[in-house]
Amino acid sequence: MCGIAGSIDFSQRATRPDGLSTRMAQCLSRRGPDCCGVYEDRLINLVHRRLIVVDPDGGRQPMYSPDGNIILIYNGELYNTQELREQLLKLGHSFTGYSDTEVVLHAYLAWGTDAFQKFNGIYAFALWDKQSECLTLCRDRLGVKPLFYARRGRLLVFGSELKALFCHPAIQPQLDEDGLRTLLLLGPARPPHSGVFHGVDSVLPGQYITFDAANNCQKYFYWKLTAKEHTDTLAQTIEHTRWLVEDAAKRQLVSDVPVCTFLSGGLDSSILSMLAARTFRERSETLHTFSVDYRDNEKYFTQSIFEPNYDNTYIDQMTDFLGTTHHKIVLEQPDLVRALSAAVQARDLPGMADIDASLLLFCEAVHGQGFTVCQSGECADELFGGYPWYHNTELLFADGFPWSRATDLRRSIVHDGILRDSEEFVRAHYQYTCHATPKLDTDSPKEARMREMFLLNLQWFMATLLDRKDRMSMYTGLEVRVPFCDHRIVEYAYNMPWDFKALDGREKGILRKAFADDLPEKIVWRKKSPYPRTCSPEYTALVTDLLRQKFNDPTSILPELFCKKAVENLIAHPDELSTPWYGQLMRTPQIFGYLLQIDHWFRTYHVTLI
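Residues numbered from 1 in each chain as written. Predicted model: local features only at pLDDT ≥ 70, side-chain atom pairs only at ≥ 80, totals over all residues. Heavy atoms only, no water.

Visitor: Go over helix H24 (residues 588-604) with me, naming the residues and quoting the values.
Guide: Think of an α-helix as turning once every 3.6 residues; residues three or four places apart then point the same way. For H24, built from 17 residues, the straight-helix expectation of 24 Å at 1.5 Å per residue is met to within 8% by its first-to-last C-alpha distance of 25 Å. Burial within H24 is extensive, with 15 of its 17 residues counted as buried. (Helix = DSSP H or I, 4+ residues; strand = E, 2+ residues; numbered from the N terminus. Expected span 1.5 Å × (residues − 1). Buried < 20%, exposed > 50% of the residue type's maximum accessible area, 1.4 Å probe, protein only.)

Below, the structure written as structure tokens:
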């Protein structure tokens, strides 16, 4: 994986700010610590930072077409590189290396923007056509790789991370009313199109954008989910689900650097680790697996609908079953608190508090063991109905985001007058997604609702988790691949009948059945349990003390936004939160961590309210 950034200015007498490319390259250095490349002409600058995974010499960027007219900077991985290369060779194209970057470039030369529909992978890239003076920005179908942009008149600035945009003096870290409402009412989620900051947008998943000398900024979708009749029998559905997952996982093991897997002992990571271990054995190699935990965490863990069981015994069972070399990363509470700030620097926004911070420390430890690429089981729950809100009628048919129901609490800790039309703001975003959900006339009310839940999870909850996984991993120089995000799996799962998907009345029932013969029975039928959070009272005490300090600090934004009395009431009654602040894991201690991240974000990014 890599980082990309750049700017294009069609203004008359426009001059590029001194040192812009250098600053952009420096701020993205963590995404691409191995190489840096820059292209500049009178209109545009393109910056590329590279984390070398495939073809160290042949994948250098920016990459130029044979005639020098088209210039590409690319962040991502293409998983059907070989198939596309063979097609292009038949068309007369020749290659100097074996990188997927070169295949992306030649695919564009052969098929133009129609090439984007042929790609299977996770990517964000920029193409500059010098002759037509047109910039094209493109993002993968599921939005695994980020791409932000800001337009100011005839100027457009873009980058893999928000911080790259602020290298240009025309783009300032300002927060308008919508941005503030996003931060306080939806956070750590954000609307799919939003970069949260004023005038900053995100290229949508499955979208490409063109910007040309005539000041035209055109937006196109090369992929969208569509509703189709599912015609496969149950047996065929089980078989095809298995094939899709196996094929995606196998494709995503290709690398010139060491590969490992995350293993929680849950169904999804166990499937991927099993498939990877099988491939490694065929090569007479041993797979390395990694899990994360917190010091003394099992002592404080309590079961709930959102966290039904603990990982450790399941991890041990899987590592014994697979014969992997396993590494248990155990995090300390003070380190977790300190990493709250680094997690903000990685995400460029307040995030999932210690859930982000722990992943950052975890990825750092994995990279420190000599690994550059890892597979992870994200997204299976969104696609195959793994979350509690798919199976609890009250949550399923609630009129709002099922993973973010504590909106009254959110409003209660904010000063009066800070949030205008807050309920309408949240509801409008929720309803827009529901109304935009593709459906069939033959869908039953339940099937129609399940389609809405699928899209809500895909565009909001999964997007937040993908943001987290990309930023925390890339901040540490680790590339994490997510095979369940293969668009073929997503399309198939979207149109699968709910009775198939929830086979035997279980969350992810079809996935369990597809791999029932490959895993220990206790793993196959284990209840869904999320990424582990710290349950330690030490963490709660540490963030509580820091939060009180911030409320007594006149330079902090927190007293300006939040009611100290309401926050103190949360501190006094930390166990009274009936539903998570966000998702399955963000409870009272994580709320405190989120507020601390807001303080750090305003300070270090010099955010101003407008």
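Visitor: Requested: an account of the side chain of Gln375, with residues and values cited.
Guide: Within the secondary structure, Gln375 is located in strand E17 (residues 373-375). Given the relative accessible area of 1%, Gln375 is considered buried. A distance of 3.0 Å separates a polar atom in the side chain of Gln375 from the backbone oxygen of Ala249. With near-sequence residues (within four places) excluded, Gln375 lies in contact with Ala249, Gln252, Leu253, Cys260, Thr261, Phe262, Leu272, Arg481 and Pro483. (Polar contact = N/O pair within 3.5 Å; in protein donor to acceptor, adjacent residues only side chain to side chain. Contact = heavy atoms within 4.5 Å.)

Visitor: Which residues make up the packing of aromatic side chains, and what values go with them?
Guide: Under the criterion given, the structure shown has 29 aromatic pairs. Both rings, one in Phe119 and one in Tyr123, keep their centres 5.8 Å apart while their planes meet at 85 degrees; by these two values the pair is edge-to-face. Given the relative accessible area of 0%, Tyr123 is considered buried. Where Trp601 meets Phe602, the ring centres are 5.3 Å apart and the plane angle is 85 degrees; that geometry is what we call edge-to-face. Take Trp601 and Phe602: they sit in the same class, and that class is buried. Aromatic rings pair up to connect Tyr74, Tyr108, Phe116, Phe119, Tyr123, Phe125, Tyr208, Tyr220 and Tyr222 into one cluster. The positively charged end of Arg30 is found above the aromatic ring belonging to Tyr475, 3.9 Å away from the centroid. The lysine or arginine in question, Arg526, covers the ring of Tyr314, its NZ or CZ lying 4.1 Å from the ring centre. (Phe/Tyr/Trp six-rings, centres within 6.5 Å; stacked < 30°, edge-to-face > 60°. Lys NZ or Arg CZ within 6 Å of the ring centre and 35° of its normal.)

Visitor: Outline the packing of helix H21 (residues 537-551) against helix H23 (residues 564-572), supporting the account with residue identities and numerical values.
Guide: In the contact formed by H21 and H23, the axes pass within 12 Å of each other and the chain directions differ by 170 degrees. Here H23 runs roughly antiparallel to H21, going by the angle between their axes. Seen from H21, the contacting residues are Thr544, Leu547, Arg548 and Phe551; seen from H23, they are Lys564, Val567, Glu568 and Ile571. (Axes fitted to C-alpha atoms, helices over the stretch in contact; angles between N-to-C directions. Parallel < 35°, antiparallel > 145°, perpendicular 65-115°, else oblique.)

Visitor: Describe helix H16 (residues 445-474), and please don't skip the residues or the numbers.
Guide: Helix length check: H16 (30 residues) gives 41 Å between terminal C-alpha atoms against 44 Å at 1.5 Å per residue, within 8%. Bending of H16 peaks at approximately 40 degrees at the position of Asn457. Taking burial as the measure, the 30 residues of H16 include 25 buried ones, the bulk of the element. (Bend = angle between axes of the 7 residues up to and from the residue.)

Visitor: So, the nonpolar core: which residues are in play, and what are the values?
Guide: Ranked by size, the top nonpolar core spans 108 residues in total, and within it Leu183, Phe262, Ile413, Phe562, Ile598, Trp601 and Phe602 carry the most contacts. The contact partners of Phe262, leaving out residues within four places of it in the chain, are Ser269, Ser273, Phe290, Phe362, Cys363, Val366, Cys374, Gln375, Ser376, Lys469, Leu478 and Val480. In terms of nonpolar packing, the next biggest core, distinct from the first, is built from 79 residues, Ile122, Leu466, Tyr492 and Met496 among them. (Core = buried A, V, L, I, M, F, W, Y, C linked by side-chain atoms within 4.5 Å.)

Visitor: So what's going on with the pattern of salt bridges? Residues and values would help.
Guide: Under the definition given, this model contains 44 salt bridges. A salt bridge links Lys163 to Glu161; its shortest N-O distance comes to 2.8 Å. Neither Lys163 nor Glu161 differs from the other in exposure class; each is buried. In this structure, a network of salt bridges that share partners links the residues Arg31, Lys145, Glu161, Lys163, Arg190, Asp348, Asp467, Asp470 and Arg471. (Salt bridge = Lys/Arg side-chain N within 4 Å of Asp/Glu carboxyl O.)

Visitor: Which residues make up the pairing of strand E6 (residues 121-129), and what values do they have?
Guide: In terms of residue burial, E6 counts as a mostly covered element, since nine of its nine residues are buried. Burial along E6 is two-sided: Gly121, Tyr123, Phe125, Leu127 and Asp129 and Ile122, Ala124, Ala126 and Trp128, pointing in opposite directions, are all buried. For strand E5 (residues 70-78) and E6, the ladder comprises nine bridges, and the chain directions are antiparallel. Looking across to E6, one finds that Glu77 is bridged to Ile122. In this structure, E6 lies alongside strand E7 (residues 134-139), joined through six bridges in antiparallel fashion. In the strand pairing of E7, Trp128 is matched with Leu135. Turn length for the E6-E7 hairpin, with the two strands adjacent in sequence and antiparallel, is four residues, and the turn residue Glu133 shows positive phi of about 50 degrees. (Pairing = 2+ DSSP bridges.)

Visitor: Which residues make up the sheet that holds strand E16 (residues 325-331), and what values do they have?
Guide: Sheet strands pair via backbone hydrogen bonds, and the direction of the pair is either parallel or antiparallel. Sheet architecture is open: five strands sit in the order E16-E15-E14-E17-E18, paired in parallel fashion. A single partner strand is all that each edge strand has here, and the edge strands are E16 and strand E18 (479-481). The sheet shows a mean angle of 30 degrees between the axes of neighbouring strands, taken without regard to direction. As paired elements, strand E14 (residues 259-262) and E17 share three bridges and run parallel to each other.

Visitor: Residues and numbers for the sheet that holds strand E8 (residues 148-152), please.
Guide: One open sheet accounts for six strands, arranged E2-E3-E1-E9-E8-E11; its pairing is antiparallel. Two strands in the sheet have a free side with no partner beyond their single neighbour: strand E2 (35-40) and strand E11 (200-202). Pairs of neighbouring strands in the sheet enclose a mean axial angle of 15 degrees, with direction left out of account. In terms of strand pairing, strand E1 (residues 2-9) meets strand E9 (residues 155-159) through five bridges, oriented antiparallel. Considered in E9, the bridge of Gly6 is made with Phe158. Along the sheet, helix H1 (residues 20-27) contacts E1, E2, strand E3 (44-50) and E9; its crossing angle with E3, the most-contacted strand, is approximately 25 degrees.

Visitor: Describe in detail the packing of helix H10 (residues 333-347) against H24, supporting the description with residues and values.
Guide: The geometry of H10 relative to H24 is characterised by a closest axis approach of 9 Å and an angle of 55 degrees between their N-to-C directions. Taken together, the axes of H10 and H24 are oblique relative to one another. By crossing handedness, the relation of H10 to H24 is classed as right-handed. Together, Leu340, Ser341, Ala343, Val344 and Gln345 of H10 and Gly593, Leu596, Gln597, His600, Trp601 and Thr604 of H24 make up the contact between the two elements. Across the contact of H10 with H24, the residue classes break down as five nonpolar, six polar and no charged. (Left-handed = near helix turned anticlockwise from the far one by under 90°. Nonpolar A, V, L, I, M, F, W, Y, C, P; charged D, E, K, R; others polar.)

Visitor: Report on the pairing of E14, specifying residues and quantitative values.
Guide: Going residue by residue along E14, you find Val259 and Thr261 tucked away on one face and Cys260 and Phe262 tucked away on the opposite face as well. As defined by bridge partners, E14 adjoins strand E15 (residues 288-294) across two bridges and the pair is classed as parallel. Looking across to E15, one finds that Phe262 is bridged to Phe290. For the crossover that starts at E14, traverses helix H7 (residues 267-282) and ends in the parallel E15, the hand is right-handed. (Right-handed = clockwise from strand over helix to strand, strands pointing away.)

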